[in-house]
Amino acid sequence: MGLRLALVCQRNNNVPFLFESAAAAGHELVLIHAPGESAPGHLPAAGPLLELDVFDAPDAALDELEAAASALALDGILTCREEAVPWTALAARRLGLPGIDPSASLAARDKATMRARFAAAGLNVPRHVRLGPEDAIAPPPGLTFPVVVKPTGGYSSQGVIRVDGPGGLADAVERVRAINADDLRAYTRDPVADGVRGEGWGAVIVEEFIDGPEYVAEAFAVDGRVHVLSIGYKGDPKGPHFEESVYLAPPPLPAEAVSAVVEQVAGGMAALGLTEGPGHCELRLRGGKTPVLLEIGARIGGSGVSQFVVQESTGIDYAGLQFRQAAGAPLPDLPPTPEPHAAAGNWIIPLGGHGRLVEIAGLSAVAAHPDTRRILTFLDPGAVVRPYPAFTGYPGFILSRHADWRAGVDYHRWLA
Ligand code: ADP
Ligand code: CA
């Protein structure tokens, strides 16, 4: 029988994959959204909308949710919105529904806490320093340039800047501080709830630049056992800004590299206390060999793009697992390591600059290609795109499925 689940603050109203999974299973999604944000009521499985001030008045939002709970008859609550992960953990606890530990949810939102926990567990993390709002900006002891400067509580690469020498450090830190104060303020304030406080909230991190190709592992934990469902290639971005560009799974990694990634991911989930639910785990392979953890998000990635890639390349309904787990329903057996049977990808239509969007050319040829599964566009003609490191949004995604990795690489080359 279908479940009734609250989905909290979906970011991108044009990414349908979670909704399609829910509809296929007969679930209904109650769409919680913040004031001033819209909810994708047009997508399949969308049920009633509920406006709650999740980001600006989280405690009041919890009270309102609790008051509405019996009428809503929710079986579970979940989110794939990075900034909403801590509130959703608190909401699940408040309603007596399954959910992740609130302190684990905060650790997964704060890159400084995350690094401390990974390091304590003996995992590979970039060498780093955390600069609180009052800390002096000095070249980080023990770090050599290039370094990466970024917000401790950011997402979507907003304010992530590579700096090549000591001369550029102060400017980059000031830019990230400005992003913390403006764009990220509502999402990185100290969430005084349940006695849990974020340790590194609203700070800046300066860390070594890990040179090597980037990968993402889509993981799912059940009772503390971590299943790495898929590993995907994310390009080899060199900066200075880190716009997303490509996602293609499964890459032709040697077996030792796959095991090393799985080991870091499983260790990372455990170190954060993520014993249940999804983990969107980003790593770079230093020197092409050693996986170094960049971060783990306690959610399905890319507003549901990870659902597409996992399902198309492995046949596993990733979102379906999370829906069932959120309601405490039994789960199927899952493999511990990836078992792909096809390739799947996402190609992010590149902006290549800033200005006013006129047109995205060539989409009809893309639609006619047999490997194309979906074309999703997010910016309409006339949209004004601000210069990086500000983040306006991506023009669109092109999602595809291929017989194998090689065909996926050729297809992405053709798109480019
Ligand atoms: P966000 O939460 O904004 O996604 P990330 O830490 O994931 O922040 O950084 C975004 C991107 O910037 C990464 O996917 C990676 O490409 C690049 N990046 C971040 N930190 C480093 C690092 N220490 N070394 C190399 N690249 C990095
Ligand atoms: Ca990231």
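What you see is a predicted model; the values in this text were computed from it and never measured. (Residues numbered from 1 in each chain as written. Chains lettered and ligands numbered in written order. Predicted model: local features only at pLDDT ≥ 70, side-chain atom pairs only at ≥ 80, totals over all residues. Heavy atoms only, no water.)

## Things to note about the coordination of the calcium ion (ligand 2)
For the calcium ion (ligand 2), the full set of protein donor atoms is Glu282 (OE), Glu282 (OE) and Glu295 (OE), and the range of their distances to it is 2.1 to 3.1 Å. Here the residue Glu282 occupies a position in strand β12 (residues 277-286), and Glu295 occupies one in strand β13 (residues 290-297), the gap between them amounting to 13 residues. Take Glu282: its relative accessible area is 12%, and that puts it in the buried class. (Donors = N, O, S within 2.8 Å, 3.2 Å for Na, K, Ca; no water. Helix = DSSP H or I, 4+ residues; strand = E, 2+ residues; numbered from the N terminus. Buried < 20%, exposed > 50% of the residue type's maximum accessible area, 1.4 Å probe, protein only.)

## What to know about the sheet that holds strand β6 (residues 147-151)
Spatially, four strands are ordered β5-β8-β6-β7 in an open sheet, and the strand pairing comes out antiparallel. Each edge of the sheet is formed by a strand with only one pairing partner; in this case those strands are β5 (128-131) and β7 (161-163). Direction aside, neighbouring strands of the sheet carry axes that sit 25° apart on average. Where β6 meets strand β8 (residues 204-208), five bridges bridge the pair, whose relative direction is antiparallel. Across the sheet, Pro151 pairs through a bridge with Val204, a residue of β8. Packing of helix α5 (residues 111-120) onto the sheet brings it into contact with β5, β6 and β8, and relative to β8 it is tilted by some 45°. Contacts from helix α6 (residues 169-181) reach β5, β6, β7 and β8, with the element oriented near 20° to β6. (Pairing = 2+ DSSP bridges. Axes fitted to C-alpha atoms, helices over the stretch in contact; angles between N-to-C directions. Contact = heavy atoms within 4.5 Å.)

## What to know about the packing of helix α1 (residues 17-25) against helix α9 (residues 305-314)
In contact at an axis separation of 7 Å, α1 and α9 are set at 60° when each is read in the N-to-C sense. Here α1 is positioned oblique relative to α9, judged by the angle of their axes. Between α1 and α9, the contacting residues are Phe17, Leu18 and Ser21 on the first element and Val305, Gln307 and Phe308 on the second. Of the residues belonging to the contact of α1 with α9, the class tally is four nonpolar, two polar and no charged. (Parallel < 35°, antiparallel > 145°, perpendicular 65-115°, else oblique. Nonpolar A, V, L, I, M, F, W, Y, C, P; charged D, E, K, R; others polar.)

## As for the nonpolar core
Phe118, Val265, Met269, Leu272, Leu274 and Ile296 are the most contacted members of the largest nonpolar core, which has 32 residues in total. Put simply, the parts of the chain that give this core at least two residues each are α3 (85-95), α4 (102-107), α5, β9 (214-222), β10 (225-233), α8 (255-272), β12 and β13. A total of seven residues in this core trace back to one element, the largest contributor, which is α8. When sequence neighbours within four positions are dropped, the list of residues in contact with Val265 reads Ala217, Ala219, Val226, Val228, Cys281, Leu283 and Ile296. In this structure, Leu52, Leu72, Ile77 and Trp87 belong to the second largest nonpolar core, which totals 26 residues. (Core = buried A, V, L, I, M, F, W, Y, C linked by side-chain atoms within 4.5 Å.)

## Side note on the pattern of salt bridges
Oppositely charged side chains can pair when the atoms bearing their charge come close. Under the defined criterion, the tally for this structure stands at 25 salt bridges. For Arg115, the salt bridge goes to Glu207, with nearest N and O atoms at 2.5 Å. Here the residue Arg115 occupies a position in helix α5, and Glu207 occupies one in strand β8, the gap between them amounting to 92 residues. Judged by its relative accessible area of 1%, Glu207 falls in the buried class. (Salt bridge = Lys/Arg side-chain N within 4 Å of Asp/Glu carboxyl O.)

## What about the confidence of the model for the chain?
Of the residues in the chain, 96% reach a pLDDT of 70 or more, and the chain-wide mean stands at 93. Within the model, the stretch residues 191-200 combines pLDDT values under 50 with 23 contacts to residues more than four positions away or in other chains. (pLDDT = per-residue confidence, 0-100.)

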